[in-house]
Amino acid sequence: MSKPRKPKGRPISGWLILDKPVDFGSTEAVSKIKWLFKAQKAGHAGTLDPLASGMLPIALGDATKTVPYVMDGRKIYEFTVSWGEERATDDLEGEVTQSSDKRPGEDDIRALLPNYTGVINQIPPQFSAIKIAGERAYDLAREGETVEIPSREVEIFRLTLLACPDADTAHFEVECGKGTYVRALARDFGRDLGCYGHISGLRRSFVAPFAEEAMVPLADLVALEEIEDADERLAALDALLIDTAEALSSLPHLVINDDQAHRLKMGNPILVRGRDAPVAETEAYATARGKLIAIGEIGEGEFRPKRVFG
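Presented here is an overview of the structure given in this document. Computed from a predicted structure; not experimentally measured.

Helix and strand counts for the protein chain stand at eight helices and 18 strands. Counting all 310 residues of the protein chain, 45% fall into the buried class. Of the accessible surface of the protein chain, which amounts to about 16,200 Å², a share of 48% is contributed by carbon and sulfur atoms.

Here you go:
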């Protein structure tokens, strides 16, 4: 019987908050970071289009188990809408499908924004990762098919007009929930204003719980490749990682001892005692000596592990 293959790479865990440049795909970025860190596993929390820049949280190793908690977090984008053209992709990449000589006034734009604040219904773009009958919408769109994508509820917490530098463009900032397509906002703004519109600039500055200051430019990471000593180079890279547990800051936190940590790692529940112990929580996380041990649920005086960390 053959032995199981040993995973390639280092069993390193943590989050790298990349400041992704324009014209660099999210999958390409993950591959680059995985290679730089010589990590066994890597994944990202929330795709950024190649034409978009900004925050792309990349999880390494065991941190990939916490990706769903970051995917669910609030996000902030700054974006520019160019008026006068609607495009197949709702951004600069696509061909023009509708055009107009009309241009909206600043007062008209401001009057529109309350309609896009709160819980709204949004139809994702034709070029999106939404699955239609088992296939990605963007694959069908590339084959020339126009598919009917059902609308869905998304939440817009804040939408601000930042500037109207000229008649052809407007700059906005939006704070939104999971599943919001900023390209769809630009498309719908243009339709409501009767002038058409598309995204001509997009930058993500925040993905909860990671702050903008945590971002590391790709150029800074690439520069570390010049360090010849491998141990020194990897140490410099590792110093840029954020602890895996930071992704779980929205959940209740249990501090446990070594014996409890051992029980959880074996898949067993532990008793939750004390005046300040959570009574019942759908999810919580436990740490011992500052190290993430498990994500689980609390009920009937117990913490039951669902995901365990090495």
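The discussion continues.
Attention now moves to the environment of Leu113. Considering the arrangement of structural elements, one finds Leu113 in the loop between helix H3 (106–112) and strand S7 (118–122). Put simply, Leu113 and Phe189 are 76 residues apart on the chain and 8.7 Å apart in space, counted from C-alpha to C-alpha. Not counting chain neighbours up to four residues away, the residues in contact with Leu113 comprise Leu159, Thr160, Leu161, Phe172 and Phe189.

Here we come to the packing of aromatic side chains. With the rule as written, the count across this model stands at four aromatic pairs. With centroids separated by 5.1 Å and ring planes inclined at 15°, the aromatic side chains of Phe79 and Phe172 adopt a geometry described as stacked. Taken as a pair, Phe79 in strand S4 (residues 75–83) and Phe172 in strand S11 (residues 169–176) lie far apart in primary sequence, 93 residues in all. Accessibility expressed as a relative area gives 2% for Phe79, which makes it buried. Among the aromatic residues, ring-to-ring pairing joins Phe79, Tyr116, Phe172 and Phe189 into one connected group. One residue, Lys38, lies across the ring of Trp35, its end atom 4.2 Å from the ring centre.

Our next topic: unusual backbone geometry. Each neighbour pair has its own omega, and for Ala208 with Pro209 the value is 10°, a cis peptide bond. If you check the backbone angles, Lys38 has positive phi at about 55° while not being a glycine. Since its relative accessible area comes to 34%, Lys38 is described here as partly exposed. Phi at Tyr196 is positive, roughly 65°, even though this residue is not glycine. Along the chain, Tyr196 falls in the loop between helix H5 (182–193) and strand S12 (197–207).

Read from one edge of the open sheet, five strands run S14-S16-S17-S18-S15, paired in mixed fashion. Each edge of the open sheet is held by one strand with a lone partner, namely strand S14 (253–255) and strand S15 (270–271). As paired elements, strand S16 (residues 281–288) and strand S17 (residues 291–299) share six bridges and run antiparallel to each other. Along S17, the bridge assignment pairs Ala288 with Lys291.

Further remarks concern the nonpolar core. Most often, soluble globular proteins have nonpolar side chains that are buried together. With 27 residues, the main nonpolar core has Phe79, Trp83, Leu159, Phe172, Val174 and Phe189 as its most contacted residues. Of all the secondary-structure elements, those providing two or more residues to this core are S4, H3, strand S10 (152–166), S11, H5 and S12.

With respect to the helices and strands, Arg87 occurs in strand S5 (residues 85–87). A polar side-chain atom of Arg87 sits 2.8 Å from a polar atom in the side chain of Glu85. A distance of 3.4 Å separates a polar side-chain atom of Arg87 from the backbone oxygen of Gly94. Not counting the four nearest positions on each side in its chain, Arg87 is found in contact with Leu92, Gly94, Glu95, Val96, Thr97 and His198.

A few words now on the pattern of salt bridges. One pass over the full model with this rule turns up 18 salt bridges. Between Arg158 and Glu175 there is a salt bridge; the shortest N-O distance is 3.4 Å. In this pair, Arg158 sits in strand S10 while Glu175 sits in strand S11, placing the two residues 17 residues apart along the sequence. Judged by relative accessible area, which is 29%, Arg158 ranks as partly exposed.

Two faces make up the sheet, and in a regular strand the side chains alternate between them. Of all eight residues making up S11, seven are buried, and the element is well covered by its neighbours. By the bridge criterion, eight bridges tie S4 to S11 in an arrangement that is antiparallel. Bridging across to S11, Lys75 finds its partner in Cys176. Of the pairings in the sheet, the one linking S10 to S11 comprises seven bridges and is antiparallel in character. For Arg158, the partnering residue across the bridge sits in S11 and is Glu175.

Attention now moves to the pairing of S12. Direction of pairing for strand S3 (residues 53–60) relative to S12: parallel, over a ladder of two bridges. The residue bridging Gly54 from the neighbouring strand is Arg204, located in S12. Relative to S12, S4 is paired through nine bridges, and the arrangement is antiparallel. Its bridge partner lying in S12, Val81 is registered against Ile199.

Mapped onto the secondary structure, His198 falls in strand S12. Here the alpha-carbon distance between His198 and Ala186, two residues 12 residues apart in the chain, equals 5.2 Å. Discounting chain neighbours no more than four positions away, the residues touching His198 are Thr80, Val81, Ser82, Glu85, Arg87, Asp90, Asp91, Leu92 and Ala186.

Rules and cut-offs
- Residues numbered from 1 in each chain as written.
- Predicted model: local features only at pLDDT ≥ 70, side-chain atom pairs only at ≥ 80, totals over all residues.
- Heavy atoms only, no water.
- Helix = DSSP H or I, 4+ residues; strand = E, 2+ residues; numbered from the N terminus.
- Buried < 20%, exposed > 50% of the residue type's maximum accessible area, 1.4 Å probe, protein only.
- Areas by Shrake-Rupley, 256 points an atom, 1.4 Å probe, with all protein chains shown as cover.
- Contact = heavy atoms within 4.5 Å.
- Phe/Tyr/Trp six-rings, centres within 6.5 Å; stacked < 30°, edge-to-face > 60°.
- Lys NZ or Arg CZ within 6 Å of the ring centre and 35° of its normal.
- Pairing = 2+ DSSP bridges.
- Core = buried A, V, L, I, M, F, W, Y, C linked by side-chain atoms within 4.5 Å.
- Polar contact = N/O pair within 3.5 Å; in protein donor to acceptor, adjacent residues only side chain to side chain.
- Salt bridge = Lys/Arg side-chain N within 4 Å of Asp/Glu carboxyl O.

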